[in-house]
Amino acid sequence: AIYPGSFDPITNGHIDLIKRASKLFDTVIIGITQNSKKPAFLDINDRLESAKTALIDINNIKVMSFDTLLVDFAETQNVQIILRGLRAVSDFEYEFQLSGMNKHLNPTIETLFMTPAEQYANISSSLVREILSLGGDISAFVPSNVENLLKEKI
Ligand code: ADP
């Protein structure tokens, strides 16, 4: 399966989902988008390297970046499953639209949704960036290597 996203930065919520997925699939590819429409806070190399470090204990994952259509990336990796996370009803509309478009672009690829453990359901990369920029404590939301990197960047 491929778990795509901007991971700007990777959070404990993402990591919880990846741990769960790694038990269900032979290999989970964490696909980090290079050309998201959102301007990135961390550059692609920082996002790649910090995700690799944060996920070092999980054996059956690969962290990669891509700058093509997601369905094309999945096809080149020989993957038929896209994984996305749902935190709350508010995620649903966007995710539903995205999965519908991806299904239209390549009907052989399925999108599966997973939910995180309750304590991670309120974590988002954008809130982590906002709390950081206002001097708040982000240690409960991201792994320590990511916290250190973010503090260096600000
Ligand atoms: P994108 O910019 O593509 O939305 P993100 O990096 O923000 O990518 O998130 C990737 C995926 O992980 C999305 O499906 C998002 O809904 C999901 N996600 C983000 N944070 C969490 C979390 N705390 N728990 C579960 N899923 C999450």
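The structure we're discussing is the one just above.
Residues numbered from 1 in each chain as written. Predicted model: local features only at pLDDT ≥ 70, side-chain atom pairs only at ≥ 80, totals over all residues. Heavy atoms only, no water.

Caption draft 1: Focus on the overall build of the chain. For the chain, the helix and strand inventory stands at 6 helices and 5 strands. When the helices and strands of the chain are read in sequence order from the N terminus, they spell out β-α-β-α-β-α-β-α-β-α-α. Against the globule reference of 15 Å for 154 residues, the chain gives a C-alpha radius of gyration of 15 Å, in line with a compact fold. By the burial criterion, 45% of the 154 residues in the chain qualify as buried. Pairs at least 24 residues apart make up 75% of the contacts formed inside the chain by residues separated by at least 6 positions. Total accessible area on the chain stands at roughly 8800 Å², and carbon and sulfur atoms take up 51% of it. Side chains of the chain carry 14 positive and 19 negative charges; the gap between the two charge centres is 1 Å. (Helix = DSSP H or I, 4+ residues; strand = E, 2+ residues; numbered from the N terminus. Rg over C-alpha atoms; globule rule 2.2 N^0.38 Å. Buried < 20%, exposed > 50% of the residue type's maximum accessible area, 1.4 Å probe, protein only. Contact = heavy atoms within 4.5 Å. Areas by Shrake-Rupley, 256 points an atom, 1.4 Å probe, with all protein chains shown as cover. Lys, Arg positive; Asp, Glu negative; His and termini not counted. Charge placed at Lys NZ, Arg CZ, Asp CG, Glu CD.)

Caption draft 2: Fine view of the nonpolar core. Ranked by internal contacts, the top residues of the largest apolar core, which has 29 residues, are Ile10, Ile18, Ile30, Leu55, Ile61 and Val63. With 4 residues, the single largest contributor to this core is helix H1 (residues 12-24). When near neighbours in sequence (up to four residues on either side) are disregarded, Ile18 contacts Tyr3, Ile10, Ile30, Leu55, Ile58 and Ile61. Membership of the second largest hydrophobic core comes to 10 residues, among which are Ile2, Val71, Ala74 and Val79. (Core = buried A, V, L, I, M, F, W, Y, C linked by side-chain atoms within 4.5 Å.)

Caption draft 3: Broad picture of the side chain of Ser50. Within the secondary structure layout, Ser50 lies in helix H2 (residues 44-54). Take Ser50: its relative accessible area is 6%, and that puts it in the buried class. Separated by 3.4 Å, the side chain of Ser50 and the backbone oxygen of Arg47 make a polar contact. Setting aside anything within four residues of it in sequence, one finds Ser50 in contact with Asn145, Val146 and Leu149. (Polar contact = N/O pair within 3.5 Å; in protein donor to acceptor, adjacent residues only side chain to side chain.)

Caption draft 4: Representation of the packing of aromatic side chains in the model. Applying the stated criterion to the full structure yields 3 aromatic pairs. When the ring of Tyr3 is compared with that of Phe7, the centres are 5.2 Å apart and the planes differ by 80°; the resulting orientation is edge-to-face. Looking at Phe7, the relative accessible area reads 3%, which means it is buried. (Phe/Tyr/Trp six-rings, centres within 6.5 Å; stacked < 30°, edge-to-face > 60°.)

Caption draft 5: Focus on the side chain of Asn12. With respect to the secondary-structure elements, Asn12 resides in helix H1. Beyond its immediate chain neighbours, meaning those up to four positions away, Asn12 contacts Tyr120, Ile123, Ala140, Phe141, Val142 and Pro143.

Caption draft 6: Structural view of H2. All of the buried residues in H2 are Asp46, Arg47, Leu48, Ser50 and Ala51. Looking at the packing, one finds that the buried side of H2 touches strand S2 (28-33), strand S3 (61-66) and helix H6 (144-153). Between the side-chain oxygen of the N-cap and the backbone nitrogen of Asn45 there are 3.1 Å, and the N-cap of H2 in question is Asp43.

Caption draft 7: A look at the site of the ligand. Close contacts around the ligand come from 17 residues, with Tyr3, Ser6, Phe7, Lys38 and Gly85 the closest. Taking Arg87, its side chain carries an N or O atom lying 3.3 Å from a nitrogen atom of the ligand. Glu95 is positioned with one of its side-chain polar atoms (N or O) 3.1 Å from an oxygen atom of the ligand. When the ligand is considered free in solution it has 550 Å² of accessible area, and contact with the protein chains removes 91% of it. Mapped onto the shell around the ligand, the elements with two or more residues apiece are strand S1 (2-5), H1, strand S4 (81-85) and helix H4 (89-105). The residue makeup of the shell around the ligand, split by class, is 7 nonpolar, 5 polar and 5 charged. (Near = heavy atom within 4 Å. Nonpolar A, V, L, I, M, F, W, Y, C, P; charged D, E, K, R; others polar.)

It is worth stressing that arrangement in space is one thing and function is another; only the former is reported here.
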